[in-house]
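Given next are the chains, with one letter for each unit.
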There are 2 protein chains.
Amino acid sequence: MTDFAATKAMFHLPEGVIYLDGNSLGPLPRAAPARMDAVMRAEWGEMLITGWNKAGWMAQPVELGDRIARLIGAEAGHVVLGDTLSIKVHQALASALEMVPDRRVILSDSGNFPSDLYMAEGLIGTLDKGLELRVVAPEEVEANITEDVAVLMITEVDYRTGRLHDMARLTRKAHEVGAITVWDLAHTAGATVVDVAGAGADFAVGCTYKYLNGGPGAPAFIYVAPRHADTARPALSGWLGHDAPFAFEQSYRAGPGIERMRVGTPPVLAMAALECALDIWDMTTMAAVRARSIDLTELFIEKIEAACPMLELASPRDPAARGSQVSFRFADGYAAIQALVARGVIGDFRAPDIMRFGFTPLYMDESDVQAAAGIIAEVMQNRLWDAPEYQTRARVT
Amino acid sequence: MTDFAATKAMFHLPEGVIYLDGNSLGPLPRAAPARMDAVMRAEWGEMLITGWNKAGWMAQPVELGDRIARLIGAEAGHVVLGDTLSIKVHQALASALEMVPDRRVILSDSGNFPSDLYMAEGLIGTLDKGLELRVVAPEEVEANITEDVAVLMITEVDYRTGRLHDMARLTRKAHEVGAITVWDLAHTAGATVVDVAGAGADFAVGCTYKYLNGGPGAPAFIYVAPRHADTARPALSGWLGHDAPFAFEQSYRAGPGIERMRVGTPPVLAMAALECALDIWDMTTMAAVRARSIDLTELFIEKIEAACPMLELASPRDPAARGSQVSFRFADGYAAIQALVARGVIGDFRAPDIMRFGFTPLYMDESDVQAAAGIIAEVMQNRLWDAPEYQTRARVT
């Protein structure tokens, strides 16, 4: 049994705010500023260069990776932190493509986050040998897993609609035709019950600043299945992935297993904040979080549909088929989100017409959902979004 | 005139320590913990997702890049922060190679940091079209700049010996034969007078955790010459390098100029610490720092050579030909460095026999150099390094 009142108390949430955007940037763990202060003063300040060993900085990407492994159903020792999610997509995709050198298609879907598609385009340009990025609608992915597919590269949850792919089913299908899978867990790590080992995923990548609450710009992670871990060629072969980084050899020799997916110097300060978030994750299981997430999203949909007929549900109605977010379509969605933000309900907008709300059981309960639904109903019913100050688009929404 | 007493007072240095390893990890700016606390509590904690605009997080990689531009002689608006140095090497090298598609040689030297060589090997493996990484001795680089060279990829200062390449001369020679240059400034940014614009460098990359004092794992930076900035293809084409990142288009369109070298979400917390370091850099010029650095290294060499005949100078004797470090060869260098660390003089060891000492005028003066030289003389003259506790090698030195 998870004590969700206790986990909620471990986050700082601003006064007067109901935060439904933890799927974009999670809130501050209350313990993080003090932990960061200690890392800065007692480790960086006092240990200086010796902190790499004495404070354990060098080992942290694998140690913290192990704590994330539990949350995504990965085998211990097969997840490592570092870089950004886009870089990790490149790493996984580059290694995966080399496992099927005679094929030319990367299959993805239009619900994948654009950066994943862009990184694939970039790699295709670098390789310059006629690879094709084939982007289909989310519901057409399965039918398009054909024998010409080299790599199936999918984000498990559609960042717009919250639609959840069946990782086990698609991975099985991909393997049947001899394709390799790269799963992006950006919207499922910390949100749903992910089981990369059970599903047989080849590679998985994700970020830690959304549901995992690691802070703005927190590092990404990568999982490589044990059967590939010692054979995957690291395309980004940086010194910390070398078998003996401090021997300063002139030629690269890949380190054992997941270590080879390390690239450069680890982001020590960012890891200090993430560690505090993972301490909170240690208090629960994904099964408990997922059950509560479904309760919260079901309640939200019920309340909004009852009060706001102008909002069209864009997320799957079946909770088993959606992640931990609920999206509605509304032509003036941008302005509506601004009006909500002005009233303390933080959701976000995704072009062209998606109003998106994330549900995060670690720091959100039924009373928050009830209160948010009430404010949304007030804004929508009274057209409060239809004011000039909500129409101007800022660069980031 | 720089007030170096004032800059020194702005760093925290541990009691009883003389820190000659700022060329590996710079010390803590005293202002950094409070600044970090404010970013965590007032920005991440209170603004949450709105911090990307309200707190200016999204613009910081370019704003801080501009402050670094001044220190490396770059044109304003042509440096951007992000990722690690190894990733930035990959970015620069991948773009550079595409500018000379008919050539097959990447020329580097054995004084380049191994990770740069490893990243080149990794990219060559990815490209899989018979490129060659040609590694020559540092003093043979110029003679090897021949018409088959696609890219000259050099770290300006040799991390082992401190030997300084002539960037302007080698760049001119490279351009004469039609090659593109990628300069790694890891050991020169904040250490010597770098002039990437004056030298005509095509690409330059560097890190911010050494002489720039940004903290462990602080982000790297990349410079692209204005003449290439709008045409270089970004191989790592992440969403933040897109011309309209928040339009979430399905195809990549490179952003203007240096913006296209952004990849993923910026490391907000790491940038907070770096910002405090750059505030100190704003108090000086590289000309002033370099003049003082030469005074300090000359004094150090004089004192050590007078007292420690068993140490063989590995750095160039001509100060104009070396960076801001002094290295000595000594067969038992590993143990000697451990013995010095135990006595508060922090230098570092680089295999097989290099004892390396960095000089950092922002927080080091003549009295520090005198004191360090005295302790080194005591350790060497009395063979204090020859004790069992100094022989065991830890993973990081």
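If you're wondering where the values come from, they're calculated on a predicted model, not measured in any experiment. As a convention, each chain's residues are numbered from 1 in the sequence order in which they are written. Going through the entries in the order they are written, you letter the chains from A and number the ligands from 1. With the structure being a predicted model, the display of local features is reserved for residues of pLDDT at least 70 and the display and counting of side-chain atom pairs for 80 or more, all residues being used for whole-chain, interface and lining totals.

Chemist: I keep staring at the overall build of chain A and nothing clicks. Help me out?
Modeler: To qualify as a helix, a DSSP run of H or I must reach at least 4 residues; to qualify as a strand, a run of E must reach at least 2; elements of each kind are numbered from the N terminus. The helix and strand inventory of chain A stands at 13 helices and 15 strands. With the C-alpha coordinates of chain A rotated into their principal frame, the extents come out at 70 × 55 × 40 Å. Three exposure classes are used. Buried residues have 20 or more other C-beta atoms within 10 Å of their own C-beta, exposed residues have 12 or fewer, and partly exposed residues fall in between, all C-beta atoms being placed from the backbone. Within chain A, buried positions represent 58% of all 397 residues. The contact criterion used is a C-beta to C-beta distance within 7 Å, with each C-beta placed from the backbone. The contacts in chain A between residues at least 6 apart in sequence include a share of 72% that link residues at least 24 apart.

Chemist: Can you help me understand the environment of L85(B) in this one?
Modeler: The topology assignment puts L85(B) in helix α5 (residues 85-99). Along the sequence, L85(B) and A186(B) sit 101 residues apart, while their C-alpha atoms lie 8.2 Å from each other. Those residues in contact with L85(B) that lie beyond four places of it in its chain are G264(A), A186(B), V205(B), G206(B), C207(B) and A220(B).

Chemist: How should I be thinking about the interface of chain A and chain B in this particular structure?
Modeler: Note: interface size is frequently given as the accessible area lost on complex formation between the parts. With 79 residues of chain A in contact, the opposing surface of chain B contributes 79 residues. The set of elements that each furnish at least two residues to the side of chain A that touches chain B consists of α2 (32-47), α3 (51-54), α5 (85-98), α6 (114-127), α10 (268-281) and β14 (348-350) of chain A. The biggest single contributor to the side of chain A that touches chain B is α6(A), with 10 residues. Looking at the side of chain A that touches chain B residue by residue, the classes come out as 45 nonpolar, 23 polar and 11 charged. Polarity classes work like this: nonpolar for Ala, Val, Leu, Ile, Met, Phe, Trp, Tyr, Cys and Pro, charged for Asp, Glu, Lys and Arg, and polar for all others, with Gly in that last group.

Chemist: It is not clear to me how the sheet that holds strand β10 (residues 220-224) of chain A should be interpreted in this structure. Could you clarify?
Modeler: Hydrogen bonds between backbone groups are what pair the strands of a sheet, and the pairing can be parallel or antiparallel. Residue and element names in this part refer to chain A. Taken in spatial order, the 7 strands line up as β4-β10-β9-β8-β7-β5-β6 in an open sheet, and their pairing is mixed. Because the sheet does not close on itself, it has two edges, and the strands there are β4 (79-81) and β6 (132-136). Strand-to-strand, the axes of this sheet are offset by a mean angle of 20 degrees, without reference to chain direction. Relative to strand β8 (residues 180-184), strand β7 (residues 149-155) is paired through 5 bridges, and the arrangement is parallel. If you follow T155 over to β8, its bridge partner there is D184. Under this scheme, a helix contributes an axis fitted over its contacting stretch, all axes are lines through C-alpha atoms, and angles between N-to-C directions fall in the 0 to 180 degree range. The sheet contacts of helix α4 (residues 60-71) involve β4 and β10, and relative to β4 the element is tilted by about 125 degrees. The criterion for strand pairing is that DSSP finds at least two bridges linking the strands in question.

Chemist: What am I meant to see in unusual backbone geometry here?
Modeler: In most cases, non-glycine residues show a negative phi, while peptide bonds are predominantly trans. Residue and element names in this part refer to chain A. A cis geometry characterises the amide bond from A351 onward to P352, with omega recorded as 5 degrees. Examined against the element boundaries, P352 turns out to sit in the loop between β14 and β15 (354-358). For F248, which is not glycine, the phi dihedral falls at a positive 50 degrees. Looking at where F248 falls in the secondary structure, it is placed in the loop between α9 (226-229) and α10. On the basis of neighbour counts, which here come to 17 C-beta atoms within 10 Å, the residue F248 falls in the partly exposed class.

Chemist: I tried to follow the packing of helix α12 (residues 333-342) of chain B against helix α13 (residues 366-381) of chain B on my own but got confused; where do I start?
Modeler: For any two helices packed against each other, one specifies the crossing angle of their axes together with the interaxial distance. Residues and elements named next belong to chain B. The geometry of α12 relative to α13 is characterised by a closest axis approach of 10 Å and an angle of 130 degrees between their N-to-C directions. As far as their axial angle goes, α13 and α12 are oblique. The handedness of the crossing between α12 and α13 comes out as right-handed. In contact with A336, A339 and L340 of α12, α13 contributes I375, I376, V379 and M380. Looking at side-chain class alone, the contact of α12 with α13 contains 7 nonpolar, no polar and no charged residues. Small angles under 35 degrees read as roughly parallel and large ones over 145 as roughly antiparallel, with 65 to 115 read as roughly perpendicular and the rest as oblique. With the far helix as reference, a near helix turned anticlockwise by less than a right angle produces a left-handed crossing, and one turned clockwise produces a right-handed crossing.

Chemist: I keep staring at the sheet that holds strand β11 (residues 312-313) of chain A and nothing clicks. Help me out?
Modeler: Residues and elements named next belong to chain A. Sheet architecture is open: 4 strands sit in the order β11-β12-β15-β14, paired in antiparallel fashion. For this open sheet the edge positions go to β11 and β14, each flanked by a neighbour on one side alone. Taken together, the 5 bridges between strand β12 (residues 325-329) and β15 define a ladder with antiparallel strand orientation. When the bridges of β15 are listed, R329 appears paired with I354. Helix α11 (residues 286-307) contacts β11, β12 and β15 of the sheet and is inclined by roughly 20 degrees relative to β12.

Chemist: Would you take a moment to explain the domain arrangement of chain A for this structure?
Modeler: All names here are of chain A. Entries for chain A in the domain assignment read domain 1 (4-30 + 285-390) and domain 2 (33-281). Segmentation of the chain into domains, including their bounds, is taken from an automatic or database domain assignment. Taking only C-alpha atoms into account, the centre of domain 1 sits 28 Å from that of domain 2. Contacts between the two partners involve 27 residues from domain 1 and, on the opposite side, 22 residues from domain 2. Of all the secondary structure elements, the ones that give two or more residues to the side of domain 1 that touches domain 2 are α11 and β12. In terms of residue count, the dominant contributor to the side of domain 1 that touches domain 2 is α11 (4 residues).

Chemist: So what exactly am I meant to see when it comes to the relation of the copies chain A and chain B here?
Modeler: One copy of the chain maps onto the second through a rotation around an axis plus a translation along that axis. Each copy is superposed on the other by least squares, with the fit set by C-alpha atoms of residues at a pLDDT of at least 70 in both. The two copies are related by a screw operation: chain A maps onto chain B through 180 degrees of rotation and 0.0 Å of translation along the axis, at an RMSD of 0.0 Å. Both chain copies can therefore be described as sitting about a two-fold axis. Relative to the rotation axis, the C-alpha of L127(A) is the closest in chain A, positioned 2.7 Å from it.

Chemist: Got a minute to help me understand helix α4 (residues 60-71) of chain B in this structure?
Modeler: For an α-helix the count is 3.6 residues per turn, leaving residues at separations of three or four pointing the same way. Here, expected helix span is obtained from the residue count minus one, scaled by 1.5 Å. Taking 1.5 Å of rise per residue, 12 residues should cover 16 Å, and α4(B) covers 17 Å from first to last C-alpha, within 8% of that figure. Listed in full, the buried residues belonging to α4(B) are Q60(B), P61(B), V62(B), L64(B), G65(B), I68(B), A69(B) and L71(B).

Chemist: I'm lost on helix α7 (residues 167-176) of chain B in this one. Help?
Modeler: All names here are of chain B. Taken together, the buried positions of α7 are M167, L170, T171, K173 and A174. Seen end-on, α7 carries its buried residues on one side only, within an arc spanning 160 degrees. Among the exposed residues of α7, those pointing more than 90 degrees away from its buried face are R169 and E176. If you follow the buried residues of α7, they end up packed against β7 (149-155), β8 (180-184) and α8 (196-199). After α7 finishes, the residue G178 shows a positive phi value of roughly 85 degrees. Here the arc refers to the set of directions running from the helix axis out to each C-beta atom.

Chemist: Mind showing me how you'd approach the packing of α10(A) against helix α10 (residues 268-281) of chain B here?
Modeler: Between α10(A) and α10(B), the least distance of the axes is 8 Å, while the angle of their chain directions is 130 degrees. As far as their axial angle goes, α10(B) and α10(A) are oblique. The element α10(A) and its partner α10(B) pack so that their crossing is right-handed. Across from L269(A), A270(A) and A273(A) in α10(A), the residues of α10(B) making contact are L269(B), A270(B) and A273(B). For the contact of α10(A) with α10(B), a count of residues per class yields 6 nonpolar, no polar and no charged.

Chemist: Teacher, can you tell me more about the pairing of strand β10 (residues 220-224) of chain B here?
Modeler: A regular strand carries its side chains on alternate faces of the sheet. All names here are of chain B. Where burial is concerned, most of β10 is hidden: 5 out of the 5 residues are buried. By the alternation rule, side chains of β10 split into A220, I222 and V224 and F221 and Y223, which are all buried. Bridging between strand β4 (residues 79-81) and β10 involves 3 bridges; their strand directions are antiparallel. Along β10, the bridge assignment pairs L81 with F221. Summarising the sheet, strand β9 (residues 203-207) and β10 pair through 5 bridges and their orientation is antiparallel. Looking at β10, one finds that C207 is bridged to A220.

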